[in-house]
Structure formats: structure tokens, C-alpha cells
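Working through the structure, step by step
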Amino acid sequence: MKTPVSHMLLVLFASFIGSFGGVFLKSGAEQVREGWVYLFISRKPPFFNWRLATGVGMFLLSSYFFVLGIRPPGELSVLYPMVSLGYIFTLLWARIFFKEPLTRVKFFGLFLIVVGVVFVGMGSK
Amino acid sequence: MLNAAVTDSAQISEKPARRQPVGLVFCCTILGAAAQILMKTGANQMTQPGLLGMVTNLPLMGGYCLYGISTLLLVLALKDGELSLLYPVIALTYVWVTVLSFLIFHDSINPWKLAGIVLIVSGVTVLGKGGRR
């Protein structure tokens with residue numbers, strides 16, 4: 001295994017930030033009014049949809065750390081499984097912050113996707 | 001399933017016009033993959049480093065624009081759908097990128113990648129079917 005631990009931590013950090021980006025995007029999206037023009041203007045004061053802006057910012061930050069992490073000598077076969085950890089974090093946040101039910105269907109679908117992402121990483125040596 | 005509990009009464013009256021959140025995220029992943037391919041094309045033909053080199057790089061900027069549109073679609077999808085259901089669907093991007101980089105950059109494809117694609121697609125299908133109930 002040639003991938004340095006520092007690169008693993010970068011990718012882990014990226015998927016962690018990314019999963020929170022999803023949380024902010026979701027909570028911002030709930031305040032979006034109908035129509036594209038109103039995307040960053042919220043229903044209630046302070047009217048600027050800072051949740052949405054934070055979500056977009058976290059996605060950008062996440063992609064920055066992701067790119068730093070997958071630089072050589074980082075190997076995708078090691079790093080992709082860590083990306084899919086982000087999906088598992090998100091399931092937890094959705095349960096905690098939005099009280100979304102965790103059904104058997106969601107666990108099964110997520111399981112298939114996580115194993116799939118691991119396999120794509122294994123094939124990218 | 002329990003979406004109705006989250007939406008307020010004003011939105012419930014508009015229920016027939018409800019969007020398909022999983023379909024929106026599906027479009028979002030196609031745009032995201034196209035963005036990655038454009039950014040890779042841009043990175044390959046990058047001549048001068050630095051900000052000026054990036055801004056004048058058309059494929060790279062096109063890639064960023066597509067990412068922007070894809071994020072807008074994700075927001076619209078999240079407005080109506082559950083985060084725990086929609087976020088994993090973003091993994092479809094890996095499928096499109098693997099297929100497109102095989103077609104365009106002639107990257108290798110092997111049994112691992114093929115199995116991964118099949119698994120991701122079936123996972124998304126499970127989530128899509130489960131979310132429609």
C-alpha cells in the first residue's frame with residue numbers, strides 16, 4: 001500500500017465536509033421559494049439564504065481536499081472506499097437533523113452503492 | 001413515504017405538479033460527469049498555470065458552469081425529497097465517468113469496474129423504486 005496516511009485523511013475530511021454540505025443544501029432548499037430567481041433569497045429574515053450558500057461553499061471546499069487527496073501517490077483503490085463513507089455519514093445526519101426514517105430499502109440501496117464504489121476504486125489501479 | 005409530513009400545507013395542495021426528485025438527481029449526475037470530463041479535457045490542454053490560464057481555458061470553465069447547473073438541480077430535488085434517499089444517488093456520477101472516460105480517453109475497463117457499475121446502478125434502482133411509494 002503506497003497511499004500515505006495524509007492522503008487518506010484528506011479524502012476522509014473531504015467526504016466528511018461533503019456530507020455536511022448535503023445537510024446545509026437540504027435545509028437551505030426547504031427555504032427556497034418557487035422559481036430560480038429566488039434561489040438565494042429566503043422566505044424569512046435575514047432573506048439571504050445563507051444555508052444554501054454554506055452548502056455550496058462546503059461542496060467546493062470538499063472537492064478541493066478531495067483533489068489534494070487523490071494526487072499521486074494516492075491510489076483510488078484505497079481512497080474511493082473512503083469517499084463512500086460520506087454516504088453513510090449523510091444517512092446519519094439525515095436521521096439526526098431531519099428525522100428522516102431509515103428504512104430497510106435505504107440500507108439495502110446504500111449497501112449496493114457503497115460496495116459498487118469500492119469495486120470501481122479497485123478497478124482503477 | 002413520509003415526505004408529506006415535511007412539506008407544508010401550501011405545497012400539499014400543489015401535489016399533482018410534484019417533481020420527481022430521484023429523476024432530478026439522475027440529471028444532476030449526468031451533468032456532473034460531463035463537467036468532470038470537460039475539466040479533465042481542460043486540464044490536459046492547460047498551457048500556462050495560474051488564474052489567467054484557468055479563466056481562459058474554455059473546457060475548464062464550461063466544466064465549472066455545468067457543476068453550477070448540476071448543484072441547482074440538486075437543490076430543487078432536495079426541496080421535495082429526502083436527503084438520506086437522494087445523496088447516495090450521486091454515486092451514479094462514477095458510472096457515467098467510467099463509461100465516458102472509456103469512450104473518450106480510452107481508459108481501461110476491467111471486471112472490477114464493470115461489477116462496480118452494475119452494483120451502483122442496482123443500488124440506485126433500489127432507492128428509486130423505494131422512494132416512489
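You'll find the structure just up there.
Below you will find a few notes about this structure. (Residues numbered from 1 in each chain as written. Chains lettered and ligands numbered in written order. Predicted model: local features only at pLDDT ≥ 70, side-chain atom pairs only at ≥ 80, totals over all residues.)

**Considering the interface of chain B and chain A**
In plain terms, the rule: By the convention adopted here, residues are in contact when the distance between their C-beta atoms, placed from the backbone, does not exceed 7 Å. By the criteria applied, helices consist of DSSP H or I runs no shorter than four residues and strands consist of E runs no shorter than two, each listed in order from the N terminus. Under the scheme applied, nonpolar residues are Ala, Val, Leu, Ile, Met, Phe, Trp, Tyr, Cys and Pro; charged residues are Asp, Glu, Lys and Arg; polar residues are all the others, including Gly.
Counting residues at the interface gives 31 residues for chain B, matched by 35 residues for chain A. Within the residue set of the side of chain B that touches chain A, elements represented by two or more residues are α5 (58–80), α6 (83–86), α7 (92–105) and α8 (111–132) of chain B. Sorting elements by how many residues they give to the side of chain B that touches chain A places α8 of chain B first, with 13 residues. The residue inventory of the side of chain B that touches chain A, partitioned by class, reads 20 nonpolar, 8 polar and 3 charged.

**Some remarks on the environment of Ala94 of chain A**
Secondary-structure assignment places Ala94 of chain A in helix α3 (residues 76–98). The spacing of Ala94 of chain A and Gly22 of chain A is 72 residues in sequence and 9.3 Å in space, taken between C-alpha atoms. With near-sequence residues (within four places) excluded, Ala94 of chain A lies in contact with Glu100 of chain A together with Glu82, Leu83 and Ser84 of chain B.

**Considering the nonpolar core**
As a reminder, the rule being used: Nonpolar cores are identified as sets of buried Ala, Val, Leu, Ile, Met, Phe, Trp, Tyr and Cys residues joined via C-beta atoms within 7 Å. For the exposure call, what matters is how many other C-beta atoms sit within 10 Å of a residue's own: 20 or more marks it buried, 12 or fewer exposed, and in between partly exposed, using C-beta atoms placed from the backbone.
With 62 residues, the main nonpolar core has Ile113 and Val117 of chain A together with Val25, Leu86, Val89, Ala91 and Ile120 of chain B as its most contacted residues. If we ignore the near neighbours within four places in the chain, the residues touching Val89 of chain B are Val22, Val25, Val124 and Leu127 of chain B.

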